[in-house]
Amino acid sequence: MYTALLTAIVTWISANFDLPPDYNYPSIKLVPATQITFTPAQREILSLQTEAGQPSSRREVVSVYDDATKTIFLPDTWKGETAKELSVLAHEMVHHLQNIAGKKYNCAGAREKLAYAAQDLAATSQPSFRLMRLHST
Ligand SMILES: [Zn+2]
C-alpha cells in the first residue's frame, strides 16, 4: 500500500535533507483520529500551514510515528490527495528515516526541526512525489 508514493517521498527527502534514503517502508495505518492517543511525547498535532487568504482551510491533522513498530498512524480521513495531507506524510517519513538511520537527537525539538522543514517544503513547493501521486491514481 502506497509503495510508489513512499518510494518517491524517500527519494525526495534524501535529496533535500541530510538523511540517507532507506526503502524499508513503515507500516501505515489509518485510524479514527480519536484513537491516535499515544503518550504526549509521541502524539503530534500538526498545525498545517494555511494558504494566504484562506483562513477557513486551517485544520489540524493528528498523526504519529511509532519508532518501536515502525508504524505511521494517520487519521482515517487521510486520503493522500492534497498537498497538506502529503506534507504530513512527509513529516512522519522523516521520523521513519531518522529512526532507521539510528539518528540521535539531543531533544525532541531537534528531531522535529527537520520533520517540520520537510513538511513545510512539501506543502509549499511542487515536490516530485505530488506529481507522481496524481499520475498514479
Ligand atoms: Zn514530528
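Remember, it's a predicted structure, so these values are computed and weren't measured experimentally. Sequence positions are assigned chain by chain, starting from 1 and proceeding in written order. In keeping with the predicted nature of the model, local features appear solely for residues at pLDDT of at least 70, side-chain atom pairs appear and are counted solely at 80 or more, and the whole-chain, interface and lining totals rest on all residues.

**Remarks on the overall build of the chain**
Helix and strand definitions here come from DSSP, where helices need a minimum of 4 consecutive H or I residues and strands a minimum of 2 consecutive E residues; each element is numbered from the N-terminal end. Helix and strand content of the chain: four helices and four strands. The order of α-helices and β-strands along the chain, N terminus first, is α-β-β-β-β-α-α-α. Remark: C-beta atoms are placed from the backbone, and a residue is labelled buried if 20 or more other C-beta atoms sit within 10 Å of its own, exposed if 12 or fewer do, or partly exposed between those counts. For the chain, the residues scored as buried account for 31% of the 137 residues in total. Remark: residues whose backbone-derived C-beta atoms lie within 7 Å of one another are considered to be in contact. When contacts within the chain are restricted to residue pairs at least 6 apart in sequence, those whose partners lie at least 24 apart make up 70%.

**With respect to the packing of helix α1 (residues 3-16) against helix α2 (residues 83-100)**
Fitting a line to C-alpha atoms yields each axis, with helices limited to the stretch in contact; the angle taken between N-to-C directions then spans 0 to 180 degrees. α2 packs onto α1 with a crossing angle of 70 degrees between their chain directions and a minimal axis gap of 10 Å. In this view, α1 runs roughly perpendicular relative to α2, as classed from their interaxial angle. Contacts from Leu6, Ile9, Val10 and Ile13 of α1 reach α2 at Leu89, Ala90, Met93, Val94 and Leu97. By definition in this entry, angles of less than 35 degrees are roughly parallel, angles greater than 145 are roughly antiparallel, angles of 65 to 115 are roughly perpendicular, and the rest are oblique.

**A word on the nonpolar core**
We call a set of buried Ala, Val, Leu, Ile, Met, Phe, Trp, Tyr and Cys residues a nonpolar core when their C-beta atoms link them within 7 Å. Residues Ile9, Ile13, Ala90, Met93, Val94 and Ala118 are the most contacted members of the largest nonpolar core, which totals 20 residues. Examining the composition of this core, we find that seven residues originate from one element, α2, more than from any other. Setting aside residues up to four positions removed in sequence, Ile9 forms contacts with Leu89, Ala90, Met93 and Phe129. Among the nonpolar cores identified, the runner-up in size contains eight residues, and Ile36, Val64, Tyr65 and Leu74 belong to it.

**What about α2?**
Because each turn of an α-helix spans 3.6 residues, side chains separated by three or four positions end up pointing in the same direction. In this model α2 runs 25 Å from its N-terminal to its C-terminal C-alpha over 18 residues, within 8% of the 26 Å that 1.5 Å per residue would give. Extensive coverage of α2 is indicated by the burial of 13 of its 18 residues. Gly102 lies just past α2 and shows a positive phi near 70 degrees. In this analysis, the expected span of each helix is defined as 1.5 Å times one less than the number of residues it contains.

**So, unusual backbone geometry**
Non-glycine residue Lys70 carries a positive phi angle of around 50 degrees. Following the sequence through the fold, Lys70 ends up in the loop between β3 (60-66) and β4 (71-75). By C-beta crowding, Lys70 is classed as partly exposed, having 15 other C-beta atoms within 10 Å.

**A look at the packing of α2 against helix α3 (residues 108-124)**
With their axes 8 Å apart at the nearest point, α2 and α3 run at an angle of 150 degrees to one another. It follows that α2 is roughly antiparallel to α3 by the angle criterion. The handedness of the crossing between α2 and α3 is right-handed. Here Ala83, Lys84, Leu86, Ser87, Val88, Ala90, His91, Val94, His95 and Gln98 of α2 lie close against α3, whose contacting residues are Arg111, Leu114, Ala115, Tyr116, Ala118, Gln119, Ala122 and Ala123. Amino acids are sorted into nonpolar (Ala, Val, Leu, Ile, Met, Phe, Trp, Tyr, Cys and Pro), charged (Asp, Glu, Lys and Arg) and polar (every other residue, Gly among them). The residue inventory of the contact of α2 with α3, partitioned by class, reads eleven nonpolar, five polar and two charged. Crossing chirality is assigned from the near helix's rotation relative to the far helix, an anticlockwise turn below a right angle marking it left-handed and a clockwise turn marking it right-handed.

**Side note on the confidence of the model for the chain**
Residue-level confidence of the predictor is summarised by pLDDT, bounded by 0 at the bottom and 100 at the top. When pLDDT is averaged along the chain, the result is 80; 76% of the residues meet or exceed 70. In the predicted structure, residues 39-43 sits below a pLDDT of 50 and forms seven contacts with residues beyond four places in sequence or in another chain. The low-confidence segment residues 45-59, where pLDDT is below 50, has 19 contacts with residues more than four positions distant or belonging to other chains.

**Details of α3**
With 17 residues, α3 extends 24 Å from end C-alpha to end C-alpha; this agrees with the ideal 24 Å at 1.5 Å per step. Taken together, the buried positions of α3 are occupied by Leu114, Ala115, Ala118, Gln119, Ala122 and Ala123. One side of α3 carries all its buried residues, which in axial view fall inside an arc of 165 degrees. Summarising the geometry of α3, the exposed residues directed more than 90 degrees from the buried face are Gly109, Ala110 and Thr124. When we speak of the arc, we mean the arc of directions from the helix axis to the C-beta atoms.

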